[in-house]
Amino acid sequence: MKSRGLVGNQDNPHAKLKSVGLNDVRCTGGFWAERQKLAHEVTLPCLWDLLADPDEGHVLQNLRIAAGLEEGEFAGVHWDDAWMAKWLEAATVVFASTGDENLDRQMDEVIELLAKVQEPDGYLASQTQANGEERLTDPHYHELYTMGHLLTAAVVHHRTTGKTNFLDVARGIGDYVTERFSGEVSRDMVRFPFNPTIIMGLAELFRETGEHRYLEAAQGFVDRRGSAPKRWKEQLLHDWMATDMCQDRVPLRQESEMVGHSVLSTYLYAGAADVVAETGEQELFDALKRIWRNHTERKMFINGGACAVSAGISKRGVYGKSQWVDSVHEAAGEEYFLPNSLSYNETCAQIGVFMWAWRMLSIEPDASYADVMEQTLYSGVLSGIGLDRRSWFYRNFLRWHGGESGPYTHGHKRYTCVRFQPGRAAICCPTNLLRLEAECHGYFYSVSDDALWFHHYAGNTLSTDLPDGSHIELSQKTDYPWDGTVRLTIDAVDGGEFSLRLRIPGWAEGASLTVNGAAVDTELVPGIYAEVRRSWQVGDVVELVLPMEARLMGAHPLVEECRNQVAVLRGPVLYCLESHDLPEGMSTNELLLPRDIELTARHDPDLLGGVTVLEGIAQRLRQDDWSDTLYRPLSKAPLEPVPVRLVPYYAWANRGIGEMTVWMSLG
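A few points on the structure. (Residues numbered from 1 in each chain as written. Predicted model: local features only at pLDDT ≥ 70, side-chain atom pairs only at ≥ 80, totals over all residues. Heavy atoms only, no water.)

Its volume calculated, the largest pocket comes out at about 820 Å³. Where the lining of the largest pocket is concerned, the elements lending two or more residues are α12 (282–299), α14 (367–381) and β16 (550–553). Looking at which element gives the most residues to the lining of the largest pocket, the answer is α12, with seven residues. Here the lining of the largest pocket is composed, by residue class, of 18 nonpolar, eight polar and eleven charged. (1 Å grid on protein atoms, 1.4 Å probe; cavity = no way out; pocket = protein on both sides within 12 Å on 5 of 7 lines; lining within 4 Å. Points joined across faces, edges and corners; volume = space filled by probe spheres on them. Helix = DSSP H or I, 4+ residues; strand = E, 2+ residues; numbered from the N terminus. Nonpolar A, V, L, I, M, F, W, Y, C, P; charged D, E, K, R; others polar.)

Counted at 1.5 Å a residue, the expected span for helix α1 (residues 31–52) with its 22 residues is 32 Å, and the 30 Å between its end C-alpha atoms agrees. The sharpest bend along α1 comes to roughly 45 degrees, located at Ala39. (Expected span 1.5 Å × (residues − 1). Bend = angle between axes of the 7 residues up to and from the residue.)

The topology assignment puts Gly21 in the loop between β1 (18–19) and β2 (25–29). Here Gly21 falls in the buried class, since its relative accessible area comes to 2%. In this structure the C-alpha to C-alpha distance between Gly21 and Tyr443, which are 422 residues apart in sequence, comes to 10.0 Å. (Buried < 20%, exposed > 50% of the residue type's maximum accessible area, 1.4 Å probe, protein only.)

This part is about the packing of helix α3 (residues 80–98) against helix α6 (residues 143–161). Contact pair α3 / α6: the axes reach a minimum separation of 8 Å and the direction vectors enclose 15 degrees. Between α3 and α6, the angle is such that the two are roughly parallel. When the axes of α3 and α6 are compared, the crossing they make is left-handed. Two secondary-structure elements touch here, α3 through Asp81, Ala82, Ala85, Lys86, Glu89, Thr92, Val93, Phe95 and Ala96 and α6 through Tyr145, Thr146, His149, Leu150, Thr152, Ala153, Val156, His157, Thr160 and Thr161. Of the residues contributing to the contact of α3 with α6, the split by class is nine nonpolar, seven polar and three charged. (Axes fitted to C-alpha atoms, helices over the stretch in contact; angles between N-to-C directions. Parallel < 35°, antiparallel > 145°, perpendicular 65-115°, else oblique. Left-handed = near helix turned anticlockwise from the far one by under 90°. Contact = heavy atoms within 4.5 Å.)

Judged by pairing direction, the sheet is mixed, and its five strands sit side by side in the order β1-β6-β7-β11-β14 without closing on themselves. Two strands close off the open sheet at either side, each with one partner strand: β1 and β14 (528–534). As paired strands, β1 and strand β6 (residues 445–448) are joined by two bridges and run antiparallel to one another. Each bridged residue has a counterpart across the sheet, and for Ser19 the counterpart in β6 is Ser446. Strand contacts of α14: β11 (498–504) and β14, with the helix running at about 50 degrees to β11, the strand carrying the most contacts. (Pairing = 2+ DSSP bridges.)

As C-alpha cells, then:
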C-alpha cells in the first residue's frame, strides 16, 4: 500500500503542496530522533499507564463500562475518549517507525474494545453511553469532539498499517454523524459541535474512503458556524453557547478576527482549511487568511502562543441600541493584549495553530506559514512537556515570579511551576503533544508537480515519489536547531529535471547554498523557498547554511506588557532567563539587557538534556524590598555588570522552582 501523509491530500487538485507519506520519512539522529525515541520508550507507556489506572485516569474503565464488560459509572471529564484516541494515533505512528509488535497487539485490543462500545448506528461516546445519558443534548458532553479525534486516529492507523479494523469503526462514526446532521438542522443542533475536531476527522475520512457524504458533512459544520448567534435574553443551556466563545457570533466567511476559546478556534480554522483544500472555495479561504493575519500580526505571542486570557470578555455586536459582551475563557484577547505572567497559552491551542498553518501552507505555499509552525513548535509546544517526559504544562507562561503555584483558573489550582501529570481533570494536552512529537517527521516535506519542498530541518532519510512518478531518496544531516548547517545527499533518483525548494526562514539573514561545493545562483532572501533546479544524480550534495546569530526582539509599541523590554531568539529557538543562572539572591527583575550586548552561543551537552546556551555580560539594578509598597521614587543605585546565561525557553522549569522571564528590561 502506498504510504499517505497525515493530511491525505495527494489526490486533491486544490492543494498546491501534497503531503509525503508518513512511512516515507525516518528521523535518524539529532534533536527529533531523540525526542521520538523518548516518546516511544517513556511518554507513550506513561500515558497508557495513567489512562488505564482506575484512580488516575479511568479512561479504559469508562470504555469497558460503556461496552458492558464491567460494572461502574463514568468518571473523569467528558472528553476522556479523546485521551484514548490521541494515544492510539501516537502509538500507530510509533509502531510504523519502530515495528514494536507489542504496540500493535495493544492497539488491536483497544480497537476491539471500541468496536464493542459502538452502537449499531455508529454512535460512540463513552461519556454518555456509560451512564445511559441521552445523546446530543449538551454540547459540553463533547461527543462530536471525541468522535472527531477517533476519526483522525483511525485514518492514520489505516494509512500506516493497512489494517481496516479501526477504519471500520470510523466509517460507523462517519455514517452516524452524516445521517444525524444532514439536511435541515434545527437551531439547537446548529450549536453542535462547539469543539469542532469532527470537521478535520470527516475531511480525512473522505480522503481515505472517497465517500463524498463525509466531506459534505464537514462542509455543513463549517457553513453553520455563526448562523444562529445567541439572541437578546435568549436562555441557553450554557451562557457561552452561540457566542464568540465558540466562534458563533459571526458566520465564518464574514469573520476577520480571531476570537474565543483558542483550541475551539484553531481546530475550526484547520478544519475549514481542509474544506477549502477539497472545494477550492475562495471566499472561505479569504476569511481564513484575514483571521490568520489578525492572529499573527496582533494577537500572537512571541512563542507562537494563541491564548492571551484565562477568563475575560469579548465585546462585539449590538442588540438594538444595547451593546453586549460575551464571556470567554482560555481565549484570544483584545488586539495587542499579550500579558506575560498571566498568559494562558494552552499547549493544545499552540498545536491547533500548528495544524492550521500546515493546511494553509498546502493551499498557498508561503514560507511565512512554515515560519509560524517552526516558531510555535520549538517555543510554544515543546515547553509543554518536561525533560523527564512524564510531566506537562497545560499553560505556557512567559514570566514566572517564583514559587510553586501560579494563577488560578476555574476556581481551583491546576497550573504550577512543578509540571502536572494528567488525571481525571487535565487530560487533553499530554496526548496531543505526544502525537505531534511522534508525527513531526510528517511535516518535514511536501511535493508539488515538479518539486520537493523542505519545510523543517532535522536528521532524517526520505524515500518518496513526486506526483509524476519520479522517485527520490535522500538523507539529511544537521544539528538543527542548534546549528544552521544542513547537508543533503541524494541517495537514489530517477526521472528528469525537477526542483528542490528549501525554506529560508524569515530570521535567516545571509544564508548560503551550494551544490557539490559550488555556489548556487538563486535568490536566498529570508522568508522564501529557495529553488535549485537540475537533473539530479546519485551522490549530489546540497549544503544550506543558515546563520544563527542571537537576535534581540522588540514588540509592537501597543503591546504595553512588553514595552522597553526585549526577548532573545537564536535560529528558531526562543530563550529565557531563569534565576538558577543568576548570582545567588538576584531576581530576574533586577536584570537589564544592554542593547549592544554580545551573546556567545555555547553548546552544553550536560545541561537540560543538551542545549545551546547564550552567555554575555548584562547589568544589574539592585531592588530594595518592595513589601507593603506599590510605588516609590526611582532608585539611584548604580548599575553593576553581571554575567548572564540564557537557556531555551522550552526547557524552563526543569531544575526546581525559581523565577523565569522571556522578556527582559532593556538597559
